[in-house]
Amino acid sequence: MPVNAKHLATFILGAAAGVALNKYAQTEDGQKLMADLKEKGLQLKSEAEGAIDNAPEYFEKLKTQLADVLKANFPDAEATINDVLGKKPDTPDTASQS
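Remember, predicted model here, so these are calculated numbers, not experimental data. (Residues numbered from 1 in each chain as written. Predicted model: local features only at pLDDT ≥ 70, side-chain atom pairs only at ≥ 80, totals over all residues. Heavy atoms only, no water.)

Q: Just checking my understanding: could you explain the overall build of the protein chain for this structure?
A: Secondary structure assignment for the protein chain yields 3 helices and 0 strands. Secondary structure elements of the protein chain, listed N to C terminal, follow the sequence α-α-α. Across the 98 residues in the protein chain, those meeting the buried criterion constitute 3%. (Helix = DSSP H or I, 4+ residues; strand = E, 2+ residues; numbered from the N terminus. Buried < 20%, exposed > 50% of the residue type's maximum accessible area, 1.4 Å probe, protein only.)

What follows is the structure, given as structure tokens:
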């Protein structure tokens, strides 16, 4: 792929932006901005770790609530799902009781 003027201009603009950002980062305002960004990043990281820790309980609660809604609104949903999946309902074995 040949390098054309568009590629060269993009590279020069990117390098200029990098130099400007480096100069700004060395100022007091730039250091304050970097400290704020670092603090916000650490806060987001701890929130994400907390969400990961709480995910199993959340999904278990969600599953229970969904099951309750299905049972309340579609009383035969379990039988229909078992029928679709080819599962037989759990019934006591009357032959072994004789």
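Continuing now.
Q: Is there a simple way to explain the layout of surface pockets in this structure?
A: A water-sized probe, rolled over the atoms, reveals where empty space remains. Taken as a whole, the largest pocket holds about 200 Å³ of empty space. Lining the largest pocket are Ala67, Leu70, Lys71, Phe74, Pro75, Ala77, Glu78, Ile81, Asn82, Leu85 and Lys87. Top contributing element to the lining of the largest pocket by residue count: helix α3 (residues 77-85), with 5 residues. (1 Å grid on protein atoms, 1.4 Å probe; cavity = no way out; pocket = protein on both sides within 12 Å on 5 of 7 lines; lining within 4 Å. Points joined across faces, edges and corners; volume = space filled by probe spheres on them.)

Q: Would you mind going over the packing of aromatic side chains with me for this structure?
A: Each aromatic ring pair is summarised here by two numbers: the centre-to-centre distance and the angle between the ring planes. If you walk through the whole model with that rule in mind, you get 1 aromatic pair. A centroid spacing of 5.3 Å and a plane angle of 75° characterise the contact between Tyr58 and Phe59, whose relative ring orientation is edge-to-face. (Phe/Tyr/Trp six-rings, centres within 6.5 Å; stacked < 30°, edge-to-face > 60°.)

Q: Would you take a moment to explain a nonpolar patch on the surface for this structure?
A: The grouping of Leu21, Tyr24, Leu33, Met34 and Leu37 at the surface amounts to a nonpolar patch, some 500 Å² of accessible area in total. Broken down by element, the residue count for the nonpolar patch peaks at 3 residues, all from helix α2 (residues 28-73). Looking at where Tyr24 falls in the secondary structure, it is placed in helix α1 (residues 5-25). Relative accessible area serves as the criterion here: at 38%, Tyr24 is assigned to the partly exposed category. (Patch = residues over 30% accessible without salt bridge, like charges linked within 9 Å, V, L, I, M, F, W, Y side chains within 5 Å. Areas by Shrake-Rupley, 256 points an atom, 1.4 Å probe, with all protein chains shown as cover. Salt bridge = Lys/Arg side-chain N within 4 Å of Asp/Glu carboxyl O.)

Q: Is there a simple way to explain the pattern of salt bridges in this structure?
A: As a working rule, side chains carrying opposite charge can pair if their charged atoms are close by. With the rule as written, the count across this model stands at 2 salt bridges. Asp36 serves as the salt-bridge partner of Lys32, at 3.6 Å between the closest nitrogen and oxygen. Within this pair, Lys32 and its partner Asp36 are both found in helix α2, separated by 4 residues, close to a single helical turn. The salt bridge partner of Lys63 is Glu60, with a shortest N-O separation of 3.7 Å. Of this pair, Lys63 and Glu60 both sit in helix α2, separated by 3 residues, roughly a single helical turn. Take Lys63: its relative accessible area is 53%, and that puts it in the exposed class.

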